[in-house]
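Coordinates in review
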Amino acid sequence: MEDIIVNILEMLRRGETVDDAVLVKLVHAQAKRTGGDKRAFAKRRLLPFYQRVKREEPERWRSWNVTPELERALLRAIRMKPRRSASGVATITVITKPWPCGSDCLYCPNDVRMPKSYLHDEPACARAEQNCFDPYLQVSTRLTALSQMGHATDKIELIILGGTWSDYPRDYQIWFVTELFRALNDDAISGVAANPMLAAPGEDKGAVLASSSDVPAGVVERRAWYRSCGITADEHGLAAASAEAQAAVDAGSCSYNRAVAQLYGHSGAWQRAASAQTATLEELERQQRINETARHRVVGLVVETRPDAITPETLTLIRRLGATKIQMGVQSTDQRILDINERGISIERIAEAFALLRAFGFKIHAHAMANLLGATPADDKRDYARLMRDPAYQPDEVKLYPCALIGSARLAERYRDGLWVPYSEEELLDVLVEDVLATPAFCRISRMIRDFSSDDIVAGNKKPNLRQLVEARLSSRTDDGAPVHPDVQEIRFREIGMRTVDVNDLRLDTVSYKTENTTEHFLQWVCADGRIAGFLRLSLPEQAYVEAHAAELPVAAGEAMIREVHVYGMATRVGADGRAAQHLGLGKRLIERACSLAQDAGYRRINVISAVGTREYYRHLGFADHGLYQQREL
C-alpha cells in the first residue's frame, strides 16, 4: 500500500494528473508485483491507510515529505465518491427494524429480513442488519466510513428509511432519533480495523464489526448488549433464521406482516432488545441541545411515510423529533393506476397530505414510479407532468423509479400471467427523458433507480447507470465534463457540484408558483450557464387555509415560512475558509431577500423550519426559538 501512495505523491510532485484510470493501473501493477489480490489494494483502502500512518506512525509519514499543498492534492486524488458531499452536506442513511406495514401494494418486495419494500442486500440495509438495526451503531459505522473516505462530517443529513415511520410505536420513534443524535454527539468514529468496507475479500462484514477492538466504548457496549439478547449479525445465521418464513411469503402461504410478527414480534431475543428501545422527549431534547454546537451537526433530518399516515398529530411529533423533510410514497396521481396496484389510497388524500406538509413547512420528497401495472408510456408521461404541474402536488424533490420486479412481490403473479410487462430500454429512456424535461426549476430528481442488485431483479431495468443513459440523451458536454442542456431545469442536473464559484458571475433568480394553499417563491443563485449555486424555498401560506385549520396547525395567520436553504459546494468543515459557494455569504443573502419578499407581501413574521444543527446559524441572523420553528419579526 505504501508503494502506491509514494508513487501517487511522486506523480503529483511532477504535476501529473492522477485520476481513477491512473489509480487502477497503479493498483493492478502493485497486485502483479506482489502476487496478491488486487482488491487488497483497492482505492477505498488508500485513504484509511494514509490516515492511519499519519496518526500512528509519524516518522514513517514524515519520510514521505508531504507538504500541506501536496496533501490536499493527494486527498483529492484518493477521496472515495466525492459527489457524496458535493451538495455541501454528508449524508447518513439508517434503516429501522422490520415491522408490519399498514399497506400491501402489488409491486412492493417482501423481504422478511427488512422493513417492507427493502432488500437485505441493498447497501444501507446490509449495514443496518450488520448493526442489529441499532441507530447508534449504524451512524457510527457510516461516520467511520465517511471519515476514512476523506469527507468532512461536520454537516450531516440523516435519512431514516424503512417503510412508514408513523407505523412504529411512538416510544420507538423517539428512542431511534435520540440515539442518532447521541452517536453524532459522542463522535462515535471507529478505527480502520472496524470499517466493514475494508474487510478482506470474502470476509464477513458483520464479523468485522463484531470482532474489532478499535472502536469507541459505547459501540462495544451496544454490541455486547445485542449479543446478550441473542441477536446475531452473522450473515449465515441471519439467512438461516429467515429462510423458512421467506419461502412461505414467496409461495403466498404467509403474508409479510405475519412473517415479520413471528420473526421479530414473537422472538424472545428481539423482545428483550425492544424493552430497551424507548426514550422520553426530554432525553431527545437534551441530545438535540448538545448537537447544536457538536462536531457533527445535524443540518437535515428525513423520515419516510405514506400519504395516508400524514396527519397534524403525526407531523407535530415528527417535527419535534427534528425532521425537516418528508419522503412520501406517491407512486402515481392516476386513481385507476393506484387502484390496479392495490395502493389503498385516493388522490384526494394524497393532495391533502401535500397541503399539510407545506403548512407545516416540510420539504416534500415524493416517490414516483413508471411502468406500474396498467400503465403505458403515454400514461406515465401524463402522470408525471401532473405531479409536477398540478397545484395539488408539485413536490420539491422526487425519486423517479421504474418498476422493477422482485421475486417476493405479489406483482410476480401478474408477470407470470402476462398482465405486467416491463418496458423495453428504449421505451423507458423515452419516458424518463420526457420526465426530466417536464421537471421545473424548483424540483430535484434525487434518484432514478433503487439500490437493488441485478441478481434480485426478475424483470425490469437492471442497469445501475440508468441516469447516465438518460443524461447522455439530454446533454452536450462542457470542457470539465459537466452536462448542459438549455431545456433541463431540474436541480440535480444543474448543481455546481465540486466547482468553485465567482460571486460576480452569479445572479439571483426567482421562480414563483401557486399551490393549493400557498404561494411559493424559489430563489436561486445561478451562473451564466444556468448552473445552480444555492437556493431558498419561501412559502407564503394562504390566510384562509391557515385560519380554517388554526386548531391543528403550529403556525398562525400572517406568518411566512422558509422551508429550505441550501448552498452548494464540496462539504467543508464548519468555519473553514475557501471559495466554495458555501463560504460566499450566499445563504445569508437569500434569507434577507426572502424576508423582504414576505414583508412586501404583507406578512408580519417569518418562520424557518431549521434543523437542530442550524439553530445557532439562524440565531445569529435574528431568529428566535419559537415552538416548532425559529421566528423573526419583519
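Note that the structure is predicted; figures quoted are calculated from it, not measured.

Re the overall build of the chain
- Within the chain one finds 25 helices and 18 strands.
- When each of the 634 residues of the chain is scored for burial, the buried share is 58%.
- When contacts within the chain are restricted to residue pairs at least 6 apart in sequence, long-range pairs at least 24 apart make up 73% of them.
- Accessible area for the chain stands at about 25,600 Å²; split by element, carbon and sulfur atoms hold 50% of it.

Focus on the packing of aromatic side chains
- Under the defined criterion, the tally for this structure stands at 16 aromatic pairs.
- Centroid distance Tyr 172 to Phe 176: 5.7 Å. Interplanar angle 45°. Geometry classified as tilted. With a gap of four residues between them, Tyr 172 and Phe 176 both fall in helix α8 (residues 170-185), about one helical turn apart. Considered together, Tyr 172 and Phe 176 belong to a single accessibility category, that of buried residues.
- With 3.8 Å between their ring centres and 15° between their planes, Phe 442 and Tyr 513 make a pair best called stacked. Here Phe 442 is found in the loop between α20 (425-438) and β8 (444-447), whereas its partner Tyr 513 is found in strand β12 (residues 507-514), with 71 residues between them in sequence.
- The exposure class assigned to Phe 442 is buried, which follows from its relative accessible area of 4%.
- For Tyr 513, a relative accessible area of 9% puts it in the buried group.
- An aromatic cluster of at least three residues, connected via ring pairs, comprises Trp 99, Trp 165, Tyr 168, Tyr 172, Trp 175 and Phe 176.

Re the environment of Arg 319
- Within the element layout of this structure, Arg 319 appears in helix α15 (residues 312-320).
- Among residues more than four places away in sequence, those in contact with Arg 319 are Thr 324, Phe 362, Ile 609, Ser 610, Leu 628 and Tyr 629.

Considering the side chain of Thr 333
- Along the chain, Thr 333 falls in the loop between β4 (325-331) and α16 (335-340).
- With relative accessibility at 4%, the residue Thr 333 sits in the buried group.
- Separated by 2.6 Å, the side chains of Thr 333 and Asp 383 make a polar contact.
- At a separation of 2.9 Å, a polar atom in the side chain of Thr 333 contacts the side chain of Arg 386.
- The contact partners of Thr 333, leaving out residues within four places of it in the chain, are Ile 347, Asp 383, Arg 386, Leu 387 and Tyr 393.

Observations concerning the sheet that holds strand β14 (residues 532-541)
- Strand order in the open sheet made by the seven strands is β12-β13-β14-β15-β16-β18-β17, with mixed pairing throughout. Unpaired on one side and paired on the other, β12 and β17 (624-626) mark the two borders of the sheet. Mean inter-strand twist for the sheet, computed between neighbouring axes without regard to direction, equals 30°.
- Note that β14 and strand β15 (residues 559-567) share six bridges and pair antiparallel.

Let's talk about the pattern of salt bridges
- Inspection of every chain in the model, using the stated rule, returns 47 salt bridges.
- The partner of Arg 619 in a salt bridge is Glu 292, with the nearest N and O atoms 2.8 Å apart. Of the two residues, Arg 619 sits in helix α25 (residues 615-620) while Glu 292 sits in the loop between α14 (281-291) and β3 (297-305), which places them 327 residues apart along the sequence.
- On the basis of relative accessibility, which here comes to 28%, the residue Arg 619 falls in the partly exposed class.
- Between Asp 509 and Arg 507 there is a salt bridge, with the nearest N and O atoms lying 3.2 Å from each other.

Details of helix α2 (residues 20-34)
- The end-to-end C-alpha distance of α2, which contains 15 residues, comes to 21 Å, matching closely the 21 Å that a straight helix rising 1.5 Å per residue would cover.
- Between the side-chain oxygen of the N-cap and the backbone nitrogen of Ala 21 there are 3.2 Å, and the N-cap of α2 in question is Asp 19.
- Directly after α2, the chain includes Gly 35, whose backbone phi takes a positive value near 70°.

Remarks on the side chain of His 365
- Residue placement: His 365 occurs in strand β5 (residues 363-370).
- With near-sequence residues (within four places) excluded, His 365 lies in contact with Lys 325, Ile 326, Gln 327, Met 328, Glu 397, Val 398, Lys 399 and Ser 446.

What to know about the packing of α8 against α14
- Between α8 and α14, the shortest axis-to-axis distance is 9 Å and the interhelical angle comes to 25°. Our classification of the angle between α8 and α14 gives roughly parallel. Regarding α8 and α14, the two cross each other, and that crossing is left-handed. Touching Arg 170, Ile 174, Val 177, Thr 178, Phe 181, Arg 182, Leu 184 and Asn 185 of α8 are Leu 281, Glu 283, Leu 284, Gln 287, Gln 288, Ile 290 and Asn 291, all from α14.

Calculation criteria
- Residues numbered from 1 in each chain as written.
- Predicted model: local features only at pLDDT ≥ 70, side-chain atom pairs only at ≥ 80, totals over all residues.
- Heavy atoms only, no water.
- Helix = DSSP H or I, 4+ residues; strand = E, 2+ residues; numbered from the N terminus.
- Buried < 20%, exposed > 50% of the residue type's maximum accessible area, 1.4 Å probe, protein only.
- Contact = heavy atoms within 4.5 Å.
- Areas by Shrake-Rupley, 256 points an atom, 1.4 Å probe, with all protein chains shown as cover.
- Phe/Tyr/Trp six-rings, centres within 6.5 Å; stacked < 30°, edge-to-face > 60°.
- Polar contact = N/O pair within 3.5 Å; in protein donor to acceptor, adjacent residues only side chain to side chain.
- Pairing = 2+ DSSP bridges.
- Axes fitted to C-alpha atoms, helices over the stretch in contact; angles between N-to-C directions.
- Salt bridge = Lys/Arg side-chain N within 4 Å of Asp/Glu carboxyl O.
- Expected span 1.5 Å × (residues − 1).
- Parallel < 35°, antiparallel > 145°, perpendicular 65-115°, else oblique.
- Left-handed = near helix turned anticlockwise from the far one by under 90°.

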